[in-house]
Each structure stands twice: as structure tokens, then as C-alpha cells.
Number of protein chains: 2
Amino acid sequence: MILIKIGGSVFSDKRGEPENFRTDVVEEIARELAEFYPDEKFVIVHGGGSFGHHYAKEYSIREGLSGSWGIDSWRRLGFSLTHQSMLRANSKFVEIFTDHNLPGFSISTSSLFITERGEILYADIEVIEKLLELDFIPILFGDVSVDVAQGIDILSGDQIMAYLTKMLKPKKAIFLMDVDGIYDGKPGEGTLIPELAREEVPALLERLHCTAAGTDVTGGICNKLRKAYEMAHYSEVWFVNGKVPGRLSGAIRGDGFGTRLR
Amino acid sequence: MILIKIGGSVFSDKRGEPENFRTDVVEEIARELAEFYPDEKFVIVHGGGSFGHHYAKEYSIREGLSGSWGIDSWRRLGFSLTHQSMLRANSKFVEIFTDHNLPGFSISTSSLFITERGEILYADIEVIEKLLELDFIPILFGDVSVDVAQGIDILSGDQIMAYLTKMLKPKKAIFLMDVDGIYDGKPGEGTLIPELAREEVPALLERLHCTAAGTDVTGGICNKLRKAYEMAHYSEVWFVNGKVPGRLSGAIRGDGFGTRLR
């Protein structure tokens, strides 16, 4: 099984109109997957892009429930609306996948996962495992979450990737991004790193100034690298450009252009 | 907590256009619930109506996976499309609820429930329990299901009602239908039964010719009654007309018009 994260910036423009969706990009992804399915099994996780983030920010979901009935009443509505927005993104993936004869099946992340300050505490993934046995392609997504510490929070697609890698032990986990891979420096400025050993990651995190939490100037690369460092225990991890045709296929075959973390 | 099933025939016309939805009926339901929330907590389960059934029938989901790759490839797509259709119905409920300041939150039944020939084998409902603690109103629905016996199947809203009654022990479970309650005979022909004791149910099932499976001429009443017979172990069960304003409120208060099963 191969686990694939489709980053929000791959299928949509976060700075564009609310809920814009790059149908052409996702169609190309589906075409490439259709060349490998059913010999290869897949689990997909997609990000929020221009969908969930807007509501999550407007209703400050990450702050959790406050204990004040007025604020919480309003935030509960936002929690629900954020999920509905993510379901709209997800339905576009399912539609494109089924149009390409790929049995993508929507899994509502928030129905399954419980977090503690946004970190996954627990999830019963038996349905996902059974769907894989039956040759379905489960499609999960970054979503809101019930949180034991603060009532509600946001669960990122990258966290789901790390959790599923640990639980399902895919032979490969692939991050589709809107850059060519991991750079030794800011994306586009530094040098692309084609091969990276797990033990080289801590030094790279330091060079990228990823040490302090919340100072991520590299468009989420720090957090991805930290998660990839955990994931590399269980699986080979690839970072490739999801907007360039053929790069996903290259990562699936293992001879592609991007960054391979051994 | 009060558990409420909104029957498919209440919010939509099964014989009408695909995916027709009675916004006015669901708005009235939301208005009535808003009079009791947050003093009262609710869990909602809705049926398929003109949404899921169409796809479920077209792709004969109830037959399960066959072992033939050709048939199964096609049926897997239908499984996914049936769920998407139910999500479209569900999103209308969430929208109307949140418009009425009710924090209805979509729970994807198929992400949680595993069946064996359509009967619930297992579900981890921890997210539902936590949502209730946080004053959300979880909204579930009849859906497709991963099935250990035949790969895939359909899980009815009535089955979910029985399962949640056993697990969550609501003080009351209410079935909203498009008739006034349980009749001693065909709906509209026999006499409406205002009060029914649990021990009277087996005799009534016989009078309604509900003994043989699959000979249900009373529009699903046989199956509902069988489930209600199980549920009455744990909770009072009401059957009321969901299309008549005020009937739901009457059942919530306990002085309403319909059938009460003690």
C-alpha cells in the first residue's frame, strides 16, 4: 500500500477565491494512479487549501472551546461549517476518482480521530483497513477534531499521514507539494536534496531554523520534515511536486524527481 | 439525551425526483428542537428518502461484493456514490440546523460502523459521546457499510437507532414518520395506538403479519416495531408524525399525539 498526501496548495490556491479547486491537477493525479491501481493499493489524505482554512480562521477553531457559552455557541457552529467545507473539497476528489474508475471512498476524519491539543490521541481505523482489503481507496482529509484538552481543535493532514504510516506501515508515503521537494534552504532558493538519510534530518531542521515551534517560514516544510522523520521509522518517504505531470508516477515507481527520505 | 430518527419519507418524497428535499419540514423540526436545546441534548439519525436509495438500488449494493472483478469494480463505485448522495442529504440538515443556531455536526456512519449482513457488528462511538459532552448535536444517517460477511452492505437508520439506544441509553427515542404513529392494521386503515406496552408488541407484530422476514407491506413499520421492541429495554420509544408541526415537541415534552411505547 502507498500512502499519498495531496497538499492543499497542490489542488487549490490558498490566496485565491474561497473554495477554488484545480480540477485539472486532481484529474492528472487520478490518471497517474489509475495506471497502478489495482496492482497497487492507495490511501489518500488531502489538505484544506482554500476550503477549511477560511472557516477555521474565521471561527478561531484552534483556540478550542472557552467555557463562555456565547463564544462557544458561535464556535461550535464554525466547527461544523469547517467540516462541511472540507467535505465539499473531499466530494470533488471522490467525484474525479470515481470518474476515473478509481473507487475512492470518503472517510470523515473527524468521525474517527480524537486529538489532544491537535496531536492524534486515538483513532479506530478498522473501517479503513477493511476498505483496503476490499480494494477501495480511502480518501481522508485534514479536518476539525474533538480534542480532549480543549474541546475542539484542528487535525492536519500531515498528522494523519504520520499516524497512518505508523498504523498501516505502507511501503511508501508520498507528499505531493507545490515545490519540487525538500530544499537545503527556502524552497526555490536553496538546493533541492534528491536523497536524504533519516539521520541527516535533525541537522537539516537546524539549518532551516526549524528548531523553535511556530517560526515556520518555509511553508510548512519544518512540520512536514519533523513528521517525515517519525515516519521514516516505518516507511520510505517521498516529497514531490504534485503539480507537475509524471512526478507522482516517478515516486510510485521509485525513480522519480524529488526528495527521497530513506 | 433524546435520540431522534427523521424518516426518509418525512424530509423527502421517495417517489419524486432524485434528491428532492423538504426544506420547510426540516426547518420546522429545527425550530422545535431549538426550543429545547441546550437544556436538552439530541442525537439525530436521518434516513435516505430520495437520496441514497436510488444509487443503492441501481448498483445493487445489498448484494455485496461478488468475487467477480468486473461486477465488483462497478459496485465499488456505486458504494462510494451512494455515500456521497447521503452526504448531500446530510449537508442540508447541517445547514438548516446551523442556520437555527443548533450545532448539528455531521457524522459519517460508514466511517464508524461495521456490519454483518446489514446488522451492526461493531462501532466505536467515542467521538459521538464526546460531541454530546461538548453540547454538539451529532447528525448520523442511514448509509453504506463495510460488511464482514459480504464485503459491503446497507445500514439502515432504524438499525443505528437501536444500536445508539443500547449504547447511549437516551431517556427517549423518537421516530418521526409520515403517519401519525403505530396503527393496529395498515397505516391510515387501522386504529392508531396511543399507548403500547413492550409486552404487547409480539402480538401486534403477528396481527400486522410481520412474522415472515421481507413481507413488509406496512412501509417499514414491521422492522421499526421489531427494533422498538429491542429499544424499549433501554428507553421510552415514541412514534409521531414528523410532517405535522408540534408533534415532535409533544413527544419531547411527553404529552404529544402519536404512539408511546413504554
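Definitions and cut-offs
Per chain, residue numbering runs from 1 following the sequence as it is written. As they are written, the chains are lettered A onward and the ligands numbered 1 onward, keeping that order. Totals for whole chains, interfaces and linings use all residues, but because this is a predicted model, local features are given only for residues with pLDDT of at least 70 and pairs of side-chain atoms are given and counted only at 80 or more. Values shown for side chains rest on all heavy atoms present in the structure; no hydrogens or waters enter the calculation. UniProt positions are given in the numbering used here, feature names are shortened, and annotations may be inferred rather than shown by experiment. A simple rule labels every residue: compare its accessible area, found with a 1.4 Å probe on the protein chains alone, to the largest value its type can have, and call it buried under 20%, exposed over 50%, or partly exposed in between. Helical segments are the DSSP runs of H or I of at least four residues, strand segments are the runs of E of at least two, and each set is numbered from the N terminus. Being paired, for any two strands, means DSSP has found at least two bridges between them. Here a residue-residue contact requires only that any non-hydrogen atoms of the pair lie within 4.5 Å. Summed over both partners, the accessible area lost on bringing two parts together, with a 1.4 Å probe, is the buried area. Here, a salt bridge means any side-chain nitrogen of Lys or Arg that lies within 4 Å of a carboxyl oxygen of Asp or Glu. Gly falls in the polar group here, along with every residue not listed as nonpolar (Ala, Val, Leu, Ile, Met, Phe, Trp, Tyr, Cys, Pro) or charged (Asp, Glu, Lys, Arg). Among buried residues, the Ala, Val, Leu, Ile, Met, Phe, Trp, Tyr and Cys ones that are joined through side-chain atoms within 4.5 Å form a nonpolar core. Between the first and last residue of a helix there are one fewer steps than residues, each counted as 1.5 Å, and that sum is the expected span.

Per an unreviewed UniProt entry, chain A goes by the name Isopentenyl phosphate kinase and belongs to Thermococcus kodakarensis. Quoted verbatim from the Sequence similarities (unreviewed entry) field of UniProt, the annotation for chain A is "Belongs to the isopentenyl phosphate kinase family." The UniProt entry for chain A carries the following comment under Function (unreviewed entry): "Catalyzes the formation of isopentenyl diphosphate (IPP), the building block of all isoprenoids."

Caption draft 1: Seen up close, the pairing of strand 7 (residues 143-147) of chain B. Residue and element names in this part refer to chain B. Of all five residues in strand 7, five are buried; the element is thus mostly enclosed. Sheet topology places strand 4 (residues 113-116) next to strand 7; two bridges connect them, and they run parallel. Of the residues in strand 7, the one forming a bridge with I114 is V146. With five bridges connecting them, strand 7 and strand 8 (residues 151-155) associate as antiparallel partners. Directly across from V146, in strand 8, lies its bridge partner I152. Adjacent in sequence and paired antiparallel, strand 7 and strand 8 are bridged by three residues.

Caption draft 2: Layout of the interface of chain A and chain B. Listed by partner, the interface residues are 42 residues for chain A and 42 residues for chain B. Summed over the three residues of chain A that lose the most area to chain B, namely R76, F105 and S111 of chain A, the buried surface amounts to 16% of that side. The interface formed by chain A and chain B holds two salt bridges in total. Among the secondary structure elements, those contributing two or more residues to the side of chain A that touches chain B are helix 4 (69-99), strand 3 (104-106), helix 5 (109-112), strand 4 (113-116), helix 6 (126-133), strand 7 (143-147) and strand 8 (151-155) of chain A. The greatest single-element share of the side of chain A that touches chain B, amounting to 12 residues, is contributed by helix 4 of chain A. When grouped by side-chain class, the residues that make up the side of chain A that touches chain B number 25 nonpolar, 12 polar and five charged.

Caption draft 3: Focus on the nonpolar core. Formed by 113 residues in total, the largest nonpolar core has its most connected members in F113 and L164 of chain A together with F113 and L164 of chain B. Contact partners of F113 of chain B, with chain neighbours within four places excluded, come to V127 of chain A together with I120, Y122, A123, I125, L140, S145, V146, L155, I160 and Y163 of chain B.

Caption draft 4: Quick look at helix 7 (residues 157-168) of chain A. Residues and elements named next belong to chain A. Over its 12 residues, helix 7 extends 16 Å from the first C-alpha to the last, a length consistent with the 16 Å expected when each residue adds 1.5 Å. Burial in helix 7 covers these residues: G157, D158, Q159, I160, M161, A162, Y163, L164, T165 and L168. Taken from the residues just after helix 7, K169 is the one with a positive phi, measuring 45°.

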